[in-house]
Amino acid sequence: MSLTYSRFFKVKHKAFLQKGVYNAFLDQDSLLHIDPLLLKGSKIPEFTNAYTEFFHYFSLFIPLVKASKTDNLQDPFFKRMVDRFTFKEIPNTGLGFSKDNTKGRGISGALSIQLAHSAYTIIKAGLEDPEIFGLMQLIEDNMAADRISDMTIAILQKHFLEYTQRIAQEMGLTTNPYTFEYGLVFQVPYYNGKPIHFIPESFLTDLPVAHDFEEIDSVCNYNNRLKRKIAELIGINWSDYKNYKKSDWKNLIVSNKDCYEAAISFYKNLNAVPYNFATDNKNKYRDILLQELLDEIPFQKPTEYANEDEEVYKLTLAMCYQFKHLVEHNRLSELFYRNNRTPDEIDWQLLLYTVADTYKIAGNLDLAITREDNPGVGEIDFHITKGSNANTVIEIKRSTNENLIHGYRTQLPAYMKAERAKSGIFMIIMEEDNIEEVKQKIAKVQMDMGNNGEYIPEIIYINGMRQHSASNRSYKFPEFG
């Protein structure tokens with residue numbers, strides 16, 4: 001169960017939405033990041049001058065370049081440039097792309113020296129518009145969206161701390177003092193001994209990370225547009241642009257006045273588009289909404305069992321019926337339908353897995369939940385176990401699946417046999433209003449199985465069609481209410 005700000009502070013997700021604060025994860029990163037262009041024109045009190053201040057940071061390289069005699073670390077002014085291009089990791093922002101932790105990568109070592117060399121070359125050429133550094137994704141190796149985001153937070157950390165302090169105070173959150181530069185102290189929340197940095201939603205975009213030139217076009221549309229503009233200026237065939245590396249684009253911009261002026265003018269007139277949290281098409285908040293729903297409707301587990309086999313079966317059956325209730329009466333399926341799409345079986349499998357796993361953790365249940373295990377006869381949707389023997393298998397099929405009857409009659413028994421499971425549950429997601437027809441087909445199969453002395457698995461029918469009206473629901477997702 002992921003630890004979000006709202007869960008950590010024990011407040012509603014809506015409380016952060018109302019403040020326009022990104023309800024981030026404290027124990028994992030997201031694919032969101034800050035685009036410096038989104039700072040432009042901000043009305044947030046702590047960030048009204050942030051865009052100007054961000055680029056002013058790069059203006060301060062001009063006197064250092066003019067004072068330096070050479071671009072190596074023996075020169076104290078160049079060394080100072082390297083220091084200014086060294087950015088520490090900022091903790092607890094919930095942004096970035098790391099898979100195993102929540103630390104930003106920061107900028108240091110060889111990359112800091114590379115950026116200092118680049119700044120030296122650009123400024124020595126007489127190019128002093130700080131906006132040239134807004135094009136780092138296009139012209140600098142190893143500089144993609146995540147590192148630019150980290151750099152932005154590092155340069156403007158004081159502003160983010162001021163913002164966090166105010167939001168925390170307005171929300172009544174527990175804070176502790178954090179001493180910033182020059183003895184400046186902020187009262188901010190902490191996690192794992194380090195300060196939390198709240199990020200405004202309006203600064204965030206969801207462009208994927210780019211690691212090399214080949215990925216850059218899919219990452220940043222305005223980089224693509226800029227390259228087209230430069231290509232037109234110097235007569236490069238657009239079909240040949242992929243032969244150019246980042247260093248080629250940098251050389252073109254630095255050595256060609258027309259290209260440089262076009263690039264700077266282009267960047268100054270850009271307006272970035274933030275991620276739309278209201279529609280949330282990439283489901284950045286889906287798990288948070290699901291967690292809140294499950295918190296609102298706790299799982300009532302059975303308490304009497306004859307043995308471990310019965311315990312696992314009754315717990316699994318109870319979770320499946322709880323899932324049915326959530327879908328049919330609490331609009332759980334709206335997590336899928338809200339983006340004008342029809343859920344497939346993998347969607348339903350993942351949703352059931354999330355629900356079961358959340359209830360398992362919340363109830364401290366001594367169970368193991370395994371998804372898509374393959375014992376040699378195909379991939380099992382789920383099986384829930386306790387110890388080495390107690391095992392219940394779950395198979396999920398949509399009512400429109402042409403293999404529905406085969407799944408019940410053949411697949412599920414085969415999975416149970418392979419796993420030595422004594423019980424199985426077959427879940428049918430009804431996508432059409434033909435439940436009586438489906439029931440009749442299943443009844444014939446069950447009669448045949450009974451006549452052959454076979455085990456007859458439990459069937460759970462779930463109305464998976466979109467629930468349009470929520471007037472009689474006990475819980476409503478904030479966006480749909």
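This report concerns the structure included in the present document. (Residues numbered from 1 in each chain as written. Predicted model: local features only at pLDDT ≥ 70, side-chain atom pairs only at ≥ 80, totals over all residues. Heavy atoms only, no water.)

For the protein chain, the count of helices and strands is 19 helices and eleven strands. Counting over 481 residues, the protein chain shows a buried share of 52%. In the protein chain, the proportion of contacts linking residues at least 24 apart, taken out of those at least 6 apart, comes to 70%. Approximately 22500 Å² of the protein chain is accessible, and the part contributed by carbon and sulfur atoms is 47%. (Helix = DSSP H or I, 4+ residues; strand = E, 2+ residues; numbered from the N terminus. Buried < 20%, exposed > 50% of the residue type's maximum accessible area, 1.4 Å probe, protein only. Contact = heavy atoms within 4.5 Å. Areas by Shrake-Rupley, 256 points an atom, 1.4 Å probe, with all protein chains shown as cover.)

All chains considered together, the criterion is met by 20 salt bridges. Of the charged contacts in the structure, one is a salt bridge between K79 and D83, with a shortest N-O distance of 3.9 Å. With K79 and D83 both in helix α5 (residues 76-84) and four residues apart, the pair spans about one turn of that helix. On the basis of relative accessible area, D83 is assigned to the partly exposed category, the value being 36%. Taking the shortest distance from any N to any O, the salt bridge between E170 and R166 comes out at 3.2 Å. With E170 and R166 both in helix α9 (residues 157-171) and four residues apart, this pair spans about one turn of that helix. Owing to a relative accessible area of 24%, R166 belongs among the partly exposed residues under this scheme. Through salt bridges with shared partners, a single network forms among K19, E46, R166 and E170. (Salt bridge = Lys/Arg side-chain N within 4 Å of Asp/Glu carboxyl O.)

Okay, the nonpolar core next. If you look at the biggest cluster of nonpolar residues, it comprises 85 residues, and the most contacted ones within it are Y22, F58, M81, F85, M151 and F198. Element by element, the count of residues in this core is highest for helix α6 (residues 109-124), at seven residues. Filtering out sequence-adjacent residues up to four positions away, Y22 remains in contact with Y5, S30, L32, T93, G94, L95, I199, E201, L204, F277 and Y285. Ranked by size, the runner-up nonpolar core spans 35 residues in total, among them L317, C320, L367 and F382. (Core = buried A, V, L, I, M, F, W, Y, C linked by side-chain atoms within 4.5 Å.)

Once that is clear, we can look at the side chain of T358. Considering the arrangement of structural elements, one finds T358 in helix α17 (residues 345-362). For T358, a relative accessible area of 9% translates into the label buried.

What follows deals with the side chain of N92. Locating N92 in the fold gives a position in the loop between α5 and α6. The class for N92 is buried, based on a relative accessible area of 8%. A polar atom in the side chain of N92 sits 3.1 Å from the backbone oxygen of K194. Leaving out residues up to four positions away in the same chain, N92 has contacts with Y5, L26, Y191, K194, P195, I196 and H197. (Polar contact = N/O pair within 3.5 Å; in protein donor to acceptor, adjacent residues only side chain to side chain.)

Further remarks concern the packing of helix α3 (residues 50-59) against helix α8 (residues 145-155). Two elements in contact, α3 and α8, have axes whose closest approach is 10 Å; the angle formed by their N-to-C orientations is 95 degrees. As far as their axial angle goes, α8 and α3 are roughly perpendicular. Packed against α3, whose contacting residues are F54, Y57 and F58, the element α8 presents M151, T152 and I155 at the interface. Partitioned by chemical class, the residues of the contact of α3 with α8 number five nonpolar, one polar and no charged. (Axes fitted to C-alpha atoms, helices over the stretch in contact; angles between N-to-C directions. Parallel < 35°, antiparallel > 145°, perpendicular 65-115°, else oblique. Nonpolar A, V, L, I, M, F, W, Y, C, P; charged D, E, K, R; others polar.)

This part covers unusual backbone geometry. For N92, which is not glycine, the phi dihedral falls at a positive 55 degrees. Positive phi outside glycine occurs at R420, with the angle close to 55 degrees. When you line up the elements, R420 lands in the loop between α18 (404-419) and β10 (423-430). For R420, a relative accessible area of 72% translates into the label exposed.

Further remarks concern the packing of aromatic side chains. All told, the structure shown has 36 aromatic pairs when counted by the stated rule. Summarising the aromatic geometry, the rings of F9 and F198 are spaced 6.2 Å apart at their centres and angled 75 degrees between planes, so their arrangement reads as edge-to-face. One end of the pair, F9, is in helix α1 (residues 5-9); the other, F198, is in the loop between β5 (194-195) and β6 (204-205), and 189 residues separate them in sequence. In this structure, F9 and F198 share a single accessibility class: buried. Look at F54 and F58: their rings are 5.3 Å apart centre to centre, the planes differ by 80 degrees, and that puts the pair in the edge-to-face class. With F54 and F58 both in helix α3 and four residues apart, the pair spans about one turn of that helix. Relative accessible area serves as the criterion here: at 1%, F54 is assigned to the buried category. Among the aromatic side chains, those forming a connected cluster through ring pairs are Y51, F54, F55, Y57, F58, F61, F85, F87, F133 and Y267. We note R84 situated over the ring of Y57; from NZ or CZ to the ring centre the distance is 3.9 Å. The ring of Y461 has K439 lying over it, and the distance from NZ or CZ to the ring centre is 5.4 Å. (Phe/Tyr/Trp six-rings, centres within 6.5 Å; stacked < 30°, edge-to-face > 60°. Lys NZ or Arg CZ within 6 Å of the ring centre and 35° of its normal.)

What follows is about α8. In terms of burial, α8 is largely enclosed, as eleven of its eleven residues are buried. A145, D146, R147, I148, S149, D150, M151, T152, I153, A154 and I155 are the residues of α8 that are buried.

Take the packing of helix α15 (residues 308-329) against α17 next. Running from N to C, α15 and α17 point in directions that differ by 115 degrees, and their axes come no closer than 10 Å. Both α15 and α17 take part in a crossing whose hand is right-handed. Across the interface between the two elements, M319, Q322, F323, L326 and V327 of α15 pack against W348, L351, L352, V355, A356 and Y359 of α17. Here the residues of the contact of α15 with α17 are counted per class, giving ten nonpolar, one polar and no charged. (Left-handed = near helix turned anticlockwise from the far one by under 90°.)

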